[in-house]
Amino acid sequence: MEPIQETPDLSAYLAADEVIDHHHPRVRETAARLARDAEDSYAYARLAYEFVRDTVPHSQDSGDLRVTWRASDVLAEHTGICHAKAHALAALLRAEDIPTALCYQRLRHDDGSGYVLHGLVAVRFHGAWHRQDPRGNKPGVDARFSLDGEHLAFTPDPEKGEVDHPVLYAAPLPAVLDALEAATDRPHLWRILPAELPDGR
């Protein structure tokens, strides 16, 4: 799959906003702490990825009912679903001037009851985009940071109607953000998260 930038302006993938708030002191402090142990931007990106993957439990795995969506809150509360963790990782990477995009997969729910959009990120190194999934590992999931082939949490199965969406977004999809903001708890969020991109795919 060839990634497609939503916008050709690379600076859009470094921007801060209400969600990817890498201007926030908590994000800056975390980024600075991680950067102290990194000899270059590649090492920093791997450390930031592993930090979000391993120290921010996926709320479904941990049983946490709280819903987070703003990067600084994800880092403060140490909880979130895939989208929230993607926002946190994007903020940490952009804080160190690493272009980072948000991207999506359409996956079947674990119980087979329908589809949901799964969120991950892509980082730009050496003139190319590389997708990374900080969702968090569990039995059957072994995602790793890599610029040499993908090691994502999930591989969509087209026969089941699952899809890898190639578009790289500079900001979260409004429908995803609306659901995150509206949800009263994680079970409620599961019921209202979108299953499709805005064009209905």
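Structure: above.
Okay, so let's go over this structure. Here the structure is a predicted model, which means the values were calculated and not measured.

### A few points about helix α1 (residues 25–35)
Along α1, the positions that sit buried rather than exposed are Val27, Thr30, Ala31 and Leu34. One side of α1 carries all its buried residues, which in axial view fall inside an arc of 100°. Every exposed residue of α1 that faces more than 90 degrees away from the buried side is listed here: Pro25 and Glu29. Where α1 is buried, its residues touch α2 (41–55), α4 (71–77) and α5 (82–95).

### A word on the layout of surface pockets
The calculated volume of the largest pocket comes to roughly 410 Å³. As for the largest pocket, its lining consists of 20 residues, of which Gln60, Arg108, Asp110, Val116 and Phe154 are closest to the centre. Contributing elements (two or more residues each) for the lining of the largest pocket: α5, β2 (100–108) and β3 (115–125). Looking at the lining of the largest pocket, the element that brings in the most residues is β3, giving three residues. Of the residues in the lining of the largest pocket, the class split is eight nonpolar, six polar and six charged.

### Brief notes about the side chain of Arg53
Mapping Arg53 onto the fold places it in helix α2. A residue is classified by how much of its surface remains accessible, and Arg53, at 14% relative accessible area, is buried. Among the polar contacts listed, one links the side chain of Arg53 to the backbone oxygen of Ala143, at a separation of 2.8 Å. Setting aside chain neighbours within four positions, we find Arg53 in contact with Lys85, Pro134, Gly136, Asn137, Ala143 and Arg144.

### Observations concerning the pairing of β2
Among the nine residues of β2, eight are classified as buried, and the element is accordingly described as predominantly covered. Bridge analysis of β2 against β3 gives nine bridges, and the strand direction is antiparallel. Each residue of the ladder has a partner; that of Thr100, found in β3, is Val123. Counted along the chain from β2 to the antiparallel partner β3, the turn is six residues long, and its residue Gly112 has a positive phi close to 75°. Inspection of the sheet shows β2 paired to strand β5 (residues 163–164) by two bridges, in the antiparallel sense. Bridge pairing in β5 places Gln105 opposite Asp164.

### Looking at the pattern of salt bridges
Side chains that differ in charge, positive against negative, can pair when their charged atoms come close. Taken as a whole and assessed by the stated rule, the structure comprises eleven salt bridges. In this structure, Arg53 and Asp54 form a salt bridge, with 2.6 Å as the shortest nitrogen-oxygen distance. With a closest N to O distance of 2.6 Å, Glu77 and Arg66 form a salt bridge. In this pair, Glu77 is assigned in helix α4 and Arg66 in the loop between α3 (59–62) and α4, connecting sequence segments eleven residues apart. Overall, Glu77 belongs to the partly exposed group, its relative accessible area being 39%. Salt bridges linked by common partners bring Glu18, Arg70 and Asp73 together as one network.

### Brief notes about the packing of α1 against α5
Contact geometry for α1 and α5: axes closest at 9 Å, N-to-C directions at 65°. Between α1 and α5, the angle is such that the two are roughly perpendicular. Seen along the crossing, α1 lies across α5 with a hand that is right-handed. Residues Val27, Arg28, Thr30, Ala31 and Leu34 of α1 touch α5, and the partners they reach there are Ala91, Leu92 and Ala95. Partitioned by chemical class, the residues of the contact of α1 with α5 number six nonpolar, one polar and one charged.

Parameters and conventions
- Residues numbered from 1 in each chain as written.
- Predicted model: local features only at pLDDT ≥ 70, side-chain atom pairs only at ≥ 80, totals over all residues.
- Heavy atoms only, no water.
- Buried < 20%, exposed > 50% of the residue type's maximum accessible area, 1.4 Å probe, protein only.
- Helix = DSSP H or I, 4+ residues; strand = E, 2+ residues; numbered from the N terminus.
- Arc of directions from axis to C-beta.
- Contact = heavy atoms within 4.5 Å.
- 1 Å grid on protein atoms, 1.4 Å probe; cavity = no way out; pocket = protein on both sides within 12 Å on 5 of 7 lines; lining within 4 Å.
- Points joined across faces, edges and corners; volume = space filled by probe spheres on them.
- Nonpolar A, V, L, I, M, F, W, Y, C, P; charged D, E, K, R; others polar.
- Polar contact = N/O pair within 3.5 Å; in protein donor to acceptor, adjacent residues only side chain to side chain.
- Pairing = 2+ DSSP bridges.
- Salt bridge = Lys/Arg side-chain N within 4 Å of Asp/Glu carboxyl O.
- Axes fitted to C-alpha atoms, helices over the stretch in contact; angles between N-to-C directions.
- Parallel < 35°, antiparallel > 145°, perpendicular 65-115°, else oblique.
- Left-handed = near helix turned anticlockwise from the far one by under 90°.

Limitation: the analysis is restricted to geometry and does not speak to function.
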